[in-house]
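# Coordinates in review
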Amino acid sequence: MKSVVIEKPNEISVLEREVPEPGAGQLMVQVMASGICGTDLHIYRGEYMGKYPVIPGHEFYGIVTAVGDGVKRFQVGDRVAVEPNIACDNCVNCLNNRQNFCLNWQAIGVTLPGGMEEYVIVPERAAFNIGELPFEVGAFMEPLSCVVHGIQRAHIGLADYVAIFGAGPIGNLMIQMARIQGAAHITVLEINPGRADLASELGADRVVASFDQLQPDTYDIVIDATGAIPVMNRTIDYVRKGGTVLLFGVPPSGRNLEVEGFKIFQKGLTVMSSFTSVRNSFQAVELLKSGQVRVDSLISHHLPLDEMPHALELIESRDPVVKKVIVQPNG
Ligand SMILES: [Zn+2]
Ligand SMILES: [Zn+2]
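I will try to describe carefully the structure that is included in this document. (Residues numbered from 1 in each chain as written. Chains lettered and ligands numbered in written order. Predicted model: local features only at pLDDT ≥ 70, side-chain atom pairs only at ≥ 80, totals over all residues. Heavy atoms only, no water.)

## Some remarks on the layout of surface pockets
Empty space among the atoms becomes visible once a probe the size of a water molecule is rolled across them. If you add up the space inside the second largest pocket, you get close to 310 Å³. What lines the second largest pocket is a set of 16 residues, and nearest its centre among them are E83, N85, R125, F128 and R279. Within the residue set of the lining of the second largest pocket, elements represented by two or more residues are strand 6 (85-86) and helix 9 (281-290). For the lining of the second largest pocket, a count of residues per class yields six nonpolar, six polar and four charged. (1 Å grid on protein atoms, 1.4 Å probe; cavity = no way out; pocket = protein on both sides within 12 Å on 5 of 7 lines; lining within 4 Å. Points joined across faces, edges and corners; volume = space filled by probe spheres on them. Helix = DSSP H or I, 4+ residues; strand = E, 2+ residues; numbered from the N terminus. Nonpolar A, V, L, I, M, F, W, Y, C, P; charged D, E, K, R; others polar.)

Encoded structure:
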């Protein structure tokens, strides 16, 4: 079978590998749709944790083609989405419901072979049956689970004014989740015109292209969904006194923010981040099944596996037409 391998930072190739076999408690999944996100780009550029070589792909959906001994919930032919973070459930953090900080953390597509190949082995407990959902919709389970976790941490309340910086796929999931949580008004900052239109379509009340068009000290919650340091630096200017800043986008490692500490104090802010998810995959699947969260318009490209290296460049290009890129290892 074909696999995409990131040998080391900035070096990617498509290789032939043996088809793996599922062991006890594991499933073999034929990958039908595998989303690329900023994390893959960070892994490719050597800006994320994890060791090399890596077979990337942590947002995927496929068909169960074999089951190992002892598998209870699945049979061959089931359609599953995969939660990539594998916690041990037996360390001090897991026992305290902080599985995202598991001391023995493994992640499919980061430390274990991921979905950018034709077949992947996954533990049964990482798989979620998503029935008849189209394959590329299922590939959004993982990013949506992270967004659900972030939104819950930020405690968006009824009638809140929310500002979201960045309307990439994550920003657009944020818009929809903020609405579900009861936000009264959602303002989005986005310079890319294609993404700005999409934000309006998915429920943003106002979309602006520059900071000058935003009122300082106004929003109950400001969410950064860009991971761009200069944008993150501005979040504390626009949140109201006593409000919350959620730094959700992944910035490059090794770079500092520059924010005025006194301003955070004087405004009494809660400034937080959100790391992956904690048992939010089930919720993500239900939200996708219910149709409350729409993802079809977030996809701009479907590409074969061979074009994964090209796909990373596409994402990096910040071309206005590029939204979510879905790789289809099995056509
Ligand atoms: Zn991702
Ligand atoms: Zn653990």
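That was the structure; now back to the text.
## Some thoughts on the pairing of strand 17 (residues 324-328)
For strand 17, a buried count of four out of five residues is recorded, marking the element as mostly surrounded by other parts of the structure. Bridging between strand 3 (residues 26-36) and strand 17 involves three bridges; their strand directions are antiparallel. Paired with G35 across the two strands is I326, which belongs to strand 17. In this fold, the crossover linking strand 16 (residues 299-304) to strand 17 by way of helix 10 (residues 308-317) has right-handed handedness. (Buried < 20%, exposed > 50% of the residue type's maximum accessible area, 1.4 Å probe, protein only. Pairing = 2+ DSSP bridges. Right-handed = clockwise from strand over helix to strand, strands pointing away.)

## Re helix 7 (residues 229-238)
For helix 7, the buried fraction is high: eight of the 10 residues fall into the buried class. By the burial criterion, the buried members of helix 7 are I229, V231, M232, N233, T235, I236, D237 and Y238. Of the surrounding elements, those touching the buried residues of helix 7 are strand 10 (161-165), strand 13 (219-224), strand 14 (239-247) and helix 8 (261-267). (Contact = heavy atoms within 4.5 Å.)

## Structural notes on the pattern of salt bridges
According to the stated counting rule, one finds 12 salt bridges in the structure shown. Residues D306 and K2 are paired through a salt bridge, measuring 3.2 Å at the closest nitrogen-oxygen approach. Of the two residues, D306 sits in the loop between strand 16 and helix 10 while K2 sits in strand 1 (residues 2-8), which places them 304 residues apart along the sequence. Bridged by salt links that share partners, the residues D89, R125 and R279 form one connected network. (Salt bridge = Lys/Arg side-chain N within 4 Å of Asp/Glu carboxyl O.)

## Some details on the coordination of the zinc ion (ligand 1)
C37 (SG), H58 (NE2) and E59 (OE) make up the full set of protein donors to the zinc ion (ligand 1), lying at 2.1 to 2.2 Å. Binding-site remark: the zinc ion (ligand 1) is held by donors from one chain whose sequence spacing is C-x20-H-E. With C37 in the loop between strand 3 and helix 1 (38-44) and E59 in strand 4 (residues 59-67), this residue pair connects regions lying 22 residues apart in the sequence. Taken as a pair, C37 and E59 share a single burial class, namely buried. (Donors = N, O, S within 2.8 Å, 3.2 Å for Na, K, Ca; no water.)

## A word on the packing of helix 5 (residues 169-180) against helix 6 (residues 193-201)
Running from amino to carboxyl end, helix 5 crosses helix 6 at an angle of 15 degrees, the nearest separation of the two axes being 10 Å. As summarised for this structure, helix 5 and helix 6 are arranged roughly parallel, according to the angle between their axes. Crossing geometry of helix 5 relative to helix 6 is assigned as right-handed. Here P169, N172 and I175 of helix 5 lie close against helix 6, whose contacting residues are R195, L198 and A199. A breakdown of the residues in the contact of helix 5 with helix 6 according to their chemical character gives four nonpolar, one polar and one charged. (Axes fitted to C-alpha atoms, helices over the stretch in contact; angles between N-to-C directions. Parallel < 35°, antiparallel > 145°, perpendicular 65-115°, else oblique. Left-handed = near helix turned anticlockwise from the far one by under 90°.)

## Section: the nonpolar core
Membership of the largest hydrophobic core comes to 49 residues, with the highest contact counts inside it found for L144, I164 and I223. Here the element with the most residues in this core is helix 4 (residues 141-154); it accounts for seven residues. Listed in part, the 26 residues of the second largest apolar core include I43, A87, C102 and V327. (Core = buried A, V, L, I, M, F, W, Y, C linked by side-chain atoms within 4.5 Å.)

## Structural notes on the coordination of the zinc ion (ligand 2)
At 2.3 to 2.4 Å from the zinc ion (ligand 2) lie its protein donor atoms, namely C88 (SG), C91 (SG), C94 (SG) and C102 (SG). The site at the zinc ion (ligand 2) holds four donor atoms, and with the angles between them running 101 to 119 degrees, its shape is tetrahedral. Donor residues binding the zinc ion (ligand 2) come from one chain and are separated in sequence as C-x2-C-x2-C-x7-C. Here C88, found in the loop between strand 6 and helix 2 (92-95), pairs with C102, found in the loop between helix 2 and strand 7 (106-107); they are 14 residues apart in sequence, far enough to count as distant. Look at C88 and you get partly exposed, because its relative accessible area is 25%. (Tetrahedral: all angles 85-135°; square planar, octahedral: opposite > 155°, others 65-115°.)

## Observations concerning the packing of helix 4 against helix 9
For the pair helix 4 and helix 9, the least separation of the axes is 8 Å and the interaxial angle reads 110 degrees. As judged from the angle between their axes, helix 4 and helix 9 are roughly perpendicular. Contact residues: M141, L144, S145, V148 and Q152 in helix 4; S281, Q283, A284, V285, L287 and L288 in helix 9. Along the lines of polarity and charge, the residues of the contact of helix 4 with helix 9 split into seven nonpolar, four polar and no charged.

## Overview of the side chain of D237
Structurally, D237 is set in helix 7. Polar contacts involving the side chain of D237 include one to the side chain of K263, which spans 2.6 Å. (Polar contact = N/O pair within 3.5 Å; in protein donor to acceptor, adjacent residues only side chain to side chain.)

## Points about the sheet that holds strand 14
Here we have six strands laid out as an open sheet, ordered 12-11-10-13-14-15, and parallel in their pairing. The open sheet has two edge strands with one neighbour each: strand 12 (206-208) and strand 15 (270-273). Looking at each pair of strands side by side, their axes are set apart by 15 degrees on average, direction ignored. Relative to strand 12, strand 11 (residues 185-189) runs parallel, the two sharing three bridges. Its bridge partner lying in strand 12, T187 is registered against R206. Packed onto the sheet, helix 7 meets strand 10, strand 13 and strand 14 and runs at close to 155 degrees relative to strand 14.

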